[in-house]
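What follows is the residue order along each chain.
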Amino acid sequence: MSEPVRLACTVDDGPAGAPVLVLGNSLGTTSELWLPQLATFRKHFRVVQYEHRGHGRSPAPAGGYTLAELGGDVLRLLDELGTGPVAYCGVSLGGMIGMWLAANAPDRISTLAVLCTTARMPDQAFWIDRAARVRASGLAPLAGGVVGRWFTPAFAARDPATPARFIATLTSDVDPAGYAGCCDAIAAMDLLPALPAVTAPTLVIAGSEDPATPPWLGAVIARAIPDARLRVIRGASHLANVSQPSEVTVALTSHLLAARGG
């Protein structure tokens, strides 16, 4: 495993003495992904938002990555910040990293919530091919189709500015080398054998209309992690926290506060 990368992050202090909440974004997005939840989270937590390799301001080492390497990046960040155990919420790739952390460094993760994600991709070849295409041609040729899967057609028709904003982010704020490296990590990932070792109270959220990680993949996670709960958000696609922000914010906040007894 290569040396961990120093990830870009922002830290909001929150109330005095507040516990730490770490937010992991999805593949192809930056910390803007969590804007719908930030105001509520800041009332209860010291919020740490990091960005994956090649996303936003984080560096993009050459070559493919592994999920263990991406998780190691987050552990280095927590060490630098001097945190104790943290609550963690992650969407898609951020959720995969959260599960890896909770299984492999259980003393670092007190509470876990994963959204629109999977423990293993049914079609590994798809991600290997996407990595090759991005390395050959960049992200611009794929951006419209990729983001088109993040929102339902009804949402895109009602609020076309939001998908357009995420397309702009994908093409301007994500390094193709970092994106492709993360695709390699997703292709090789198999977290299912490790999930029974997760001890953190866990909430799994799935979007009912998500073509990338449909609800049955969330159900697999919830069955594998002891005492985990599954919540399906109706009418949501892959970025459920953006298209159905109120419902997701309430579900996440209730879970996080209940887990810490608040």
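Structural data are supplied above this passage.
Structural notes, computed from the coordinates. None of these values were measured; they are calculated from a predicted model. (Residues numbered from 1 in each chain as written. Predicted model: local features only at pLDDT ≥ 70, side-chain atom pairs only at ≥ 80, totals over all residues. Heavy atoms only, no water.)

Before going further, it helps to examine the layout of surface pockets. Taken as a whole, the largest pocket holds about 340 Å³ of empty space. Together, 22 residues line the largest pocket, and Met 121, Phe 126, Trp 127, Arg 149 and Ala 212 are the ones closest to its centre. Counting residues per element, the ones that place at least two in the lining of the largest pocket are helix H4 (124–137), helix H8 (176–188) and helix H9 (215–224). Counting residues per element, the lining of the largest pocket draws most heavily on H4, at three residues. Taken together, the residues that form the lining of the largest pocket break down as 15 nonpolar, four polar and three charged. (1 Å grid on protein atoms, 1.4 Å probe; cavity = no way out; pocket = protein on both sides within 12 Å on 5 of 7 lines; lining within 4 Å. Points joined across faces, edges and corners; volume = space filled by probe spheres on them. Helix = DSSP H or I, 4+ residues; strand = E, 2+ residues; numbered from the N terminus. Nonpolar A, V, L, I, M, F, W, Y, C, P; charged D, E, K, R; others polar.)

Of all the positions in helix H1 (residues 35–42), only Gln 37, Leu 38 and Phe 41 are classed as buried. Along the axis of H1, the buried residues cluster in a sector spanning 120°; they form a single face. Of the exposed residues in H1, the ones pointing more than 90 degrees away from its buried face are Leu 35 and Ala 39. Residues of H1 that are buried make contact with strand E2 (20–24), strand E3 (46–50), helix H10 (240–243) and helix H11 (245–259). (Buried < 20%, exposed > 50% of the residue type's maximum accessible area, 1.4 Å probe, protein only. Arc of directions from axis to C-beta. Contact = heavy atoms within 4.5 Å.)

We now examine the side chain of His 55. Of note, His 55 is situated in the loop between E3 and helix H2 (67–81). By relative accessible area, which is 0% here, His 55 ends up buried. Dropping the residues within four chain positions of it, His 55 is found in contact with Asn 25, Ser 26, Leu 27, Gly 28, Thr 29, Asp 173, Val 174, Tyr 179 and Cys 182.

In this section: the packing of aromatic side chains. Tallied over the full model, the rule gives six aromatic pairs. Between the aromatic rings of Trp 150 and Phe 166, the centroid separation amounts to 6.2 Å while the plane-to-plane angle is 85°, which identifies the pairing as edge-to-face. One end of the pair, Trp 150, is in the loop between helix H5 (140–148) and helix H6 (153–158); the other, Phe 166, is in helix H7 (residues 161–172), with 16 residues separating them in the sequence. Residue Trp 150 shares its accessibility class with Phe 166, and that shared class is buried. One aromatic cluster is present, built from ring pairs that chain together Trp 150, Phe 151, Phe 155 and Phe 166. Sitting over the ring of Tyr 65, Arg 53 keeps its end group 4.8 Å from the ring centre. (Phe/Tyr/Trp six-rings, centres within 6.5 Å; stacked < 30°, edge-to-face > 60°. Lys NZ or Arg CZ within 6 Å of the ring centre and 35° of its normal.)

Here the focus is H7. Note that an α-helix has 3.6 residues per turn; residues three or four places apart therefore point the same way. A rise of 1.5 Å per residue sets the reference length of H7, with its 12 residues, at 16 Å; its end C-alpha atoms lie 16 Å apart and thus fit the reference within 8%. Of the positions making up H7, those classed as buried are Thr 162, Pro 163, Phe 166, Thr 169 and Leu 170. Projected down its long axis, H7 carries its buried residues within an arc of 120°, all on one side. Exposed residues pointing more than 90 degrees away from the buried face of H7 are listed as Ala 161 and Ser 172. (Expected span 1.5 Å × (residues − 1).)

One finds Trp 34, Leu 93, Ile 97, Tyr 179, Leu 191 and Leu 252 to be the most contacted residues of the largest nonpolar core, which totals 87 residues. Here the element with the most residues in this core is helix H3 (residues 93–104); it accounts for eight residues. Residues in contact with Leu 191, not counting those within four places in the same chain, are Leu 67, Met 96, Met 99, Trp 100 and Ala 119. (Core = buried A, V, L, I, M, F, W, Y, C linked by side-chain atoms within 4.5 Å.)

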